[in-house]
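Take a look at the letters that make up each chain.
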Amino acid sequence: GNSVTQMEGPVTLSEEAFLTINCTYTATGYPSLFWYVQYPGEGLQLLLKATKADDKGSNKGFEATYRKETTSFHLEKGSVQVSDSAVYFCALSDRGGGADGLTFGKGTHLIIQP
Amino acid sequence: GAVVSQHPSRVICKSGTSVKIECRSLDFQATTMFWYRQFPKKSLMLMATSNEGSKATYEQGVEKDKFLINHASLTLSTLTVTSAHPEDSSFYICSARAGLGWTYEQYFGPGTRLTVT
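Throughout what follows, the structure given in this document is the object of discussion.

How each quantity is defined
Residues numbered from 1 in each chain as written. Chains lettered and ligands numbered in written order. Predicted model: local features only at pLDDT ≥ 70, side-chain atom pairs only at ≥ 80, totals over all residues. Heavy atoms only, no water. Core = buried A, V, L, I, M, F, W, Y, C linked by side-chain atoms within 4.5 Å. Buried < 20%, exposed > 50% of the residue type's maximum accessible area, 1.4 Å probe, protein only. Helix = DSSP H or I, 4+ residues; strand = E, 2+ residues; numbered from the N terminus. Contact = heavy atoms within 4.5 Å. Polar contact = N/O pair within 3.5 Å; in protein donor to acceptor, adjacent residues only side chain to side chain. Pairing = 2+ DSSP bridges. Axes fitted to C-alpha atoms, helices over the stretch in contact; angles between N-to-C directions. Disulfide = S-S within 2.5 Å. Salt bridge = Lys/Arg side-chain N within 4 Å of Asp/Glu carboxyl O. Nonpolar A, V, L, I, M, F, W, Y, C, P; charged D, E, K, R; others polar.

1. What to know about the nonpolar core
Side chains of nonpolar character tend, in soluble globular proteins, to be buried together.
Residue and element names in this part refer to chain A.
(1) Moving on: Trp35, Leu47, Leu48, Phe73, Leu75 and Tyr88 are the most contacted members of the largest nonpolar core, which totals 26 residues.
(2) Moving on: Of all elements in the fold, only strand S2 (11–14), strand S3 (19–21), strand S4 (23–26), strand S5 (32–38), strand S6 (45–50), strand S8 (62–65), strand S10 (86–93) and strand S12 (108–113) reach the threshold of two or more residues within this core.
(3) Moving on: Counting residues per element, this core draws most heavily on S10, at 4 residues.
(4) Moving on: The contact partners of leucine 48, leaving out residues within four places of it in the chain, are Leu33, Phe34, Trp35, Gly57, Ser58, Asn59, Phe62, Glu63, Ala64, Phe73 and Leu75.

2. Side note on the side chain of aspartate 84 of chain A
All names here are of chain A.
(1) Moving on: Here aspartate 84 lies in the loop between strand S9 (75–77) and S10.
(2) Moving on: The class for aspartate 84 is buried, based on a relative accessible area of 6%.
(3) Moving on: A polar atom in the side chain of aspartate 84 sits 2.8 Å from the side chain of lysine 77.
(4) Moving on: With near-sequence residues (within four places) excluded, aspartate 84 lies in contact with Phe62, Lys77, Leu110 and Ile112.

3. Concerning the sheet that holds strand S7 (residues 67–73) of chain B
Across a sheet, strands are paired by hydrogen bonds formed along the backbone, either parallel or antiparallel in direction.
Residues and elements named next belong to chain B.
(1) Moving on: Spatial ordering of the open sheet is given by S1-S3-S8-S7, a layout of 4 strands whose pairing is antiparallel. On the outer flanks of this sheet lie strand S1 (4–7) and S7, each paired with one strand and no other. Put simply, the sheet's adjacent strands are angled 15° from each other on average, direction ignored.
(2) Moving on: Here 6 bridges tie strand S3 (residues 19–25) to strand S8 (residues 76–81), and the two strands are oriented antiparallel to one another. Bridge assignment links cysteine 23 to a residue of S8, and that residue is serine 77.

4. Considerations on the state of the cysteines
(1) Moving on: Overall, the coordinates contain 2 disulfides over all chains when judged by the stated rule.
(2) Moving on: With its sulfur 1.9 Å from that of its partner, cysteine 23 of chain A forms a disulfide with cysteine 90 of chain A. Torsion about the S-S bond of the cysteine 23 of chain A and cysteine 90 of chain A cystine: about -70°, corresponding to left-handed handedness. Taken together, the positions of cysteine 23 of chain A in strand S4 and cysteine 90 of chain A in strand S10 put the pair 67 residues apart, joining distant regions of the chain. Here the two residues cysteine 23 of chain A and cysteine 90 of chain A agree in accessibility, since each one is buried.
(3) Moving on: Here cysteine 13 of chain B is not disulfide-linked; the sulfur of cysteine 94 of chain B is the nearest cysteine sulfur, at 18 Å.

5. With respect to the interface of chain B and chain A
(1) Moving on: Listed by partner, the interface residues are 19 residues for chain B and 20 residues for chain A.
(2) Moving on: On the surface where chain B and chain A come into contact, there are 0 salt bridges.
(3) Moving on: Connecting chain B to chain A are 3 residue pairs in polar contact (both at pLDDT 80 or more).
(4) Moving on: Put simply, the parts of the chain that give the side of chain B that touches chain A at least two residues each are strand S4 (32–38), strand S5 (44–51), strand S9 (90–98) and strand S10 (105–108) of chain B.
(5) Moving on: For the side of chain B that touches chain A, the residue count by class is 9 nonpolar, 6 polar and 4 charged.

6. Considering unusual backbone geometry
(1) Moving on: Proline 10 of chain A follows glycine 9 of chain A through a cis peptide bond whose omega is 5°.
(2) Moving on: Mapped onto the fold, proline 10 of chain A is located in the loop between strand S1 (3–6) and S2.
(3) Moving on: The omega torsion of the bond from histidine 7 of chain B to proline 8 of chain B falls at 0°, within 30 degrees of zero and hence cis.
(4) Moving on: Tracing the chain through its elements places proline 8 of chain B in the loop between S1 and strand S2 (10–13).
(5) Moving on: At lysine 60 of chain A, a position not held by glycine, the phi torsion is positive, near 55°.
(6) Moving on: Here lysine 60 of chain A shows up in the loop between strand S7 (56–59) and S8.

Right, dumping it as structure tokens:
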């Protein structure tokens, strides 16, 4: 079956530091890949996605590239802010976009200190 | 736009009773909604796919007679936990699917914390 593995936190960084959250996956076929963010007290929000190999998803300064050869979708941001503190989930879907139920990683709690 | 609500946000019930959780898409119609369960420090696990006007599709290992899902309209899906037990205590999250084909996107509700005493 499908699975997603991501680094577990908490990850604590100083403001303006470089961020990488690793995510690798196991899936049959060609899944779509997602990063969701959950701010305190709120529901999950789609941060970015990629639907095929070598696609780069980007949003709000975050980027992730769909690497089929390494089955990875690592999340990066060049300079984090305190407001980026949240829980980040890597996820995949068998079919295009978000057509099917998602398989999630365990989530990475990111804490940005001023 | 694309807001999904859940009600209640928190519920405490006694063992053996049933509890209903509602998931609503507030500004769009959703023929398909999903129900997830999140354990502490665990990922969200897909429980079932709820399709408007038809029976839900349950993931392997999820008891369909215990977790009753009804998707009676294009904006409302309900999850009823029947004869709840303490091990059913968890955080339940729904999502509603919008879009077509490769533009599908799931919008998530804020979740419902269920505690069974």
